[in-house]
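Working through the structure, step by step
Residues per chain, in single letters:
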Amino acid sequence: MMETVLHDIKKAGYSKVMLWVFEENIRARQFYESLGFTANGKTKKDFEATELCYEKTL
């Protein structure tokens, strides 16, 4: 499903996709990293937790 979403985003003309994931959600981080997403160093505090920004060039 994620591959289809990424394909559709690229087809729509976008060259990069970004998302936020909770720092402690290791399973989600590993999933996104397996798809080529990398943490770009941006962080934010939300709901008393830290979120990391991930991005992927399409």
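The text that follows walks through the structure, step by step, so that each part is easy to find. (Residues numbered from 1 in each chain as written. Predicted model: local features only at pLDDT ≥ 70, side-chain atom pairs only at ≥ 80, totals over all residues. Heavy atoms only, no water.)

**Remarks on the pattern of salt bridges**
A side chain with one charge may pair with a side chain of the opposite charge, provided their charged atoms come close. Tallied over the entire structure, the rule returns one salt bridge. One salt bridge connects K16 with E55, and the closest N-O pair in it is separated by 3.8 Å. One end of the pair, K16, is in strand β1 (residues 16-22); the other, E55, is in strand β3 (residues 49-57), with 39 residues separating them in the sequence. (Salt bridge = Lys/Arg side-chain N within 4 Å of Asp/Glu carboxyl O. Helix = DSSP H or I, 4+ residues; strand = E, 2+ residues; numbered from the N terminus.)

**Details of the packing of aromatic side chains**
Any two aromatic rings considered together are summarised by their centre-to-centre distance and by the angle between their planes. Evaluation of the coordinates by the stated rule reveals two aromatic pairs. Centroid distance F31 to Y32: 5.3 Å. Interplanar angle 65 degrees. Geometry classified as edge-to-face. Aromatic rings pair up to connect F31, Y32 and F37 into one cluster. K44 extends its terminal NZ or CZ atom over the ring of W20, reaching a point 4.5 Å from the ring centre. (Phe/Tyr/Trp six-rings, centres within 6.5 Å; stacked < 30°, edge-to-face > 60°. Lys NZ or Arg CZ within 6 Å of the ring centre and 35° of its normal.)

**Focus on the pairing of β1**
Successive residues of a regular strand alternate their side chains across the two faces of the sheet. The alternating pattern of β1 places V17, L19 and V21 on a buried face, while none of K16, M18, W20 and F22, on the opposite face, is buried. Strand direction decides the pairing type here: β1 and β3, joined by seven bridges, are antiparallel. Across the sheet, the residue bridging to L19 is Y54, located in β3. (Buried < 20%, exposed > 50% of the residue type's maximum accessible area, 1.4 Å probe, protein only. Pairing = 2+ DSSP bridges.)

**Notes on the nonpolar core**
Residues L6, V17, L19, V21, A28, Y32, L35, F37, L52 and Y54 constitute the largest nonpolar core, which totals 10 residues. Listed by contribution, the elements that provide at least two residues to this core are β1, α2 (26-34) and β3. Sort the elements by how many residues they give to this core and β1 lands first, with three residues. (Core = buried A, V, L, I, M, F, W, Y, C linked by side-chain atoms within 4.5 Å.)

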